[in-house]
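Take a look at the letters that make up each chain.
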Amino acid sequence: MQLDNRAQTLLKALVERYIADGQPVGSRALSKISGLDLSPATIRNIMADLEEMGYVASPHTSAGRIPTPRGYRLFVDTLLTVHQIDENAVEAGMRLPAHQPQKVIANAAQMLSSLSQFAGVVQSPRRESAFQQIEFLRLSEKRILLVIVDPRGDVQNRLLLTDVDYSPSQLIQSANYLNQHFAGLSFDQVRARLTGELRQLRDDMGRLMQAAVEAGSEALAETDDMIIAGERNLLSVADLSSNMSSLRQMFEMFEQKTGLMQLLDVSSKAGGVQIFIGGESKLVPMDEMSVVTAPYEVNGKIVGTLGVIGPTRMAYERVIPIVDITAKLLSSALSHS
């Protein structure tokens with residue numbers, strides 16, 4: 001059912017007042033703040049309709065009403081007036097020397113937290129699964145260090161424990177074979193192509209290359225991570241820390257990270273600012289929590305997501321531009337670093 005202008009105005013006024021002070025909003029207060037020339041009886045009727053449609057709810061202890069997740073969703077999708085923030089202030093906080101992408105990312109998480117007063121999160125750029133170069137270094141008998149250089153020049157190391165004591169010349173020969181035939185491919189592509197070619201290679205060398213492909217694939221897969229700043233800010237938010245069960249859920253989310261990583265992955269595919277409201281989105285573990293996210297890019301390619309984690313009762317009109325501008329500035333900083 002489509003809401004008419006009066007109902008939309010009253011819902012907007014109710015959500016804004018509830019976000020501001022956290023108290024249920026009554027008909028008398030709405031008549032003063034909505035700017036509508038309506039009788040209290042008319043307002044009560046409209047609010048009863050909004051409650052029946054699931055946009056507001058009546059707590060048992062009060063005659064006033066509060067927004068539901070569905071009410072918040074309508075508010076952020078169609079009724080919200082986004083505030084402007086000082087982009088220069090955000091940019092100044094993210095200026096760091098070039099070639100320090102991890103510091104830029106950590107700074108972005110801290111900036112999201114300090115500007116919103118909630119928790120800021122930045123998903124580290126997903127590494128390409130491809131490799132540019134591989135080297136084998138003999139550490140001792142049957143212990144080899146695998147060195148992987150990805151197309152961006154980042155280096156990952158993995159220890160290989162082998163059944164065979166490979167000679168330095170064997171290690172050089174194996175590395176040369178992989179670099180000459182497969183550089184620039186993903187490890188999955190290498191695995192598929194190696195299967196057919198190993199018959200032409202000596203068994204020992206083939207096993208070494210297979211071990212390198214498996215270890216390399218695992219090494220690059222494990223580098224996806226995130227940086228979270230300002231979790232302690234959420235302890236002062238009564239909506240999130242009002243009981244031990246809520247606190248436990250919140251810090252389990254920060255500790256395990258799996259669910260949060262899944263949410264960030266989903267939002268990176270959608271593009272633009274996304275708002276996940278607890279009680280509505282199954283990706284948010286708590287009814288009282290919302291997450292505002294936006295993807296960021298490196299040289300035009302989306303590589304990760306950042307966002308603000310806070311209560312459902314957050315000032316979306318402020319948080320949305322904070323997230324949006326930080327994503328754009330981080331994209332610019334990483335693309336030129």
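Structure shown above.
A.B. asks: I'm lost on the overall build of the chain in this one. Help?
C.D. replies: Secondary structure summary: the chain contains 13 helices and 10 strands in total. Taking all 337 residues of the chain together, the buried fraction comes to 45%. Contacts in the chain between residues far apart in sequence, at least 24 positions, make up 60% of those at least 6 positions apart. Carbon and sulfur atoms provide 47% of the accessible area of the chain, an area that totals close to 17,000 Å².

A.B. asks: Just to check I follow, could you spell out the sheet that holds strand β10 (residues 301-311) for this structure?
C.D. replies: Sheet strands pair by backbone hydrogen bonding; their relative direction is either parallel or antiparallel. Across the sheet, 5 strands lie side by side as β7-β3-β10-β9-β8; this open sheet has antiparallel pairing. The open sheet terminates on both sides in strands that have one partner only, identified here as β7 (226-229) and β8 (274-277). In this sheet, neighbouring strand axes are inclined to one another by 20° on average, regardless of whether the strands run parallel or antiparallel. The pairing of strand β3 (residues 119-123) with β7 spans 4 bridges and is classified as antiparallel. Bridged to V121 within β7 is I228. Sitting on the sheet, helix α6 (residues 101-116) touches β3, β7, β9 (289-298) and β10, and the angle it makes with β3 is about 155°. Lying over the sheet, helix α12 (residues 258-270) contacts β3, β7, β8, β9 and β10, oriented at roughly 55° with respect to β9.

A.B. asks: Honestly, the pairing of strand β6 (residues 155-161) in this entry has me stumped. Any pointers?
C.D. replies: Regular strands have side chains that alternate between both faces of the sheet. Two elements, strand β5 (residues 143-149) and β6, share 7 bridges in a ladder whose sense is antiparallel. The residue bridging V149 from the neighbouring strand is V155, located in β6. Taking the residues that link successive antiparallel strands as the turn, the β5-β6 hairpin has 5 residues, and the phi of G153 there is positive, at about 95°.

A.B. asks: I'm lost on a nonpolar patch on the surface in this one. Help?
C.D. replies: There is a patch of nonpolar side chains on the surface, built from L139, L159 and L161 and spanning about 310 Å² of accessible area. Following the sequence through the fold, L139 ends up in strand β4 (residues 133-140).

A.B. asks: Got a minute to help me understand the nonpolar core in this structure?
C.D. replies: One broad trend across soluble globular proteins is that nonpolar side chains are buried collectively. One finds L11, L50, V122, L234, I309, Y316 and L330 to be the most contacted residues of the largest nonpolar core, which totals 72 residues. F131, Y166, A175 and A212 belong to the second largest nonpolar core, which has 22 residues in total.

Here is what the cut-offs are and how they apply
Residues numbered from 1 in each chain as written. Predicted model: local features only at pLDDT ≥ 70, side-chain atom pairs only at ≥ 80, totals over all residues. Heavy atoms only, no water. Helix = DSSP H or I, 4+ residues; strand = E, 2+ residues; numbered from the N terminus. Buried < 20%, exposed > 50% of the residue type's maximum accessible area, 1.4 Å probe, protein only. Contact = heavy atoms within 4.5 Å. Areas by Shrake-Rupley, 256 points an atom, 1.4 Å probe, with all protein chains shown as cover. Pairing = 2+ DSSP bridges. Axes fitted to C-alpha atoms, helices over the stretch in contact; angles between N-to-C directions. Patch = residues over 30% accessible without salt bridge, like charges linked within 9 Å, V, L, I, M, F, W, Y side chains within 5 Å. Salt bridge = Lys/Arg side-chain N within 4 Å of Asp/Glu carboxyl O. Core = buried A, V, L, I, M, F, W, Y, C linked by side-chain atoms within 4.5 Å.

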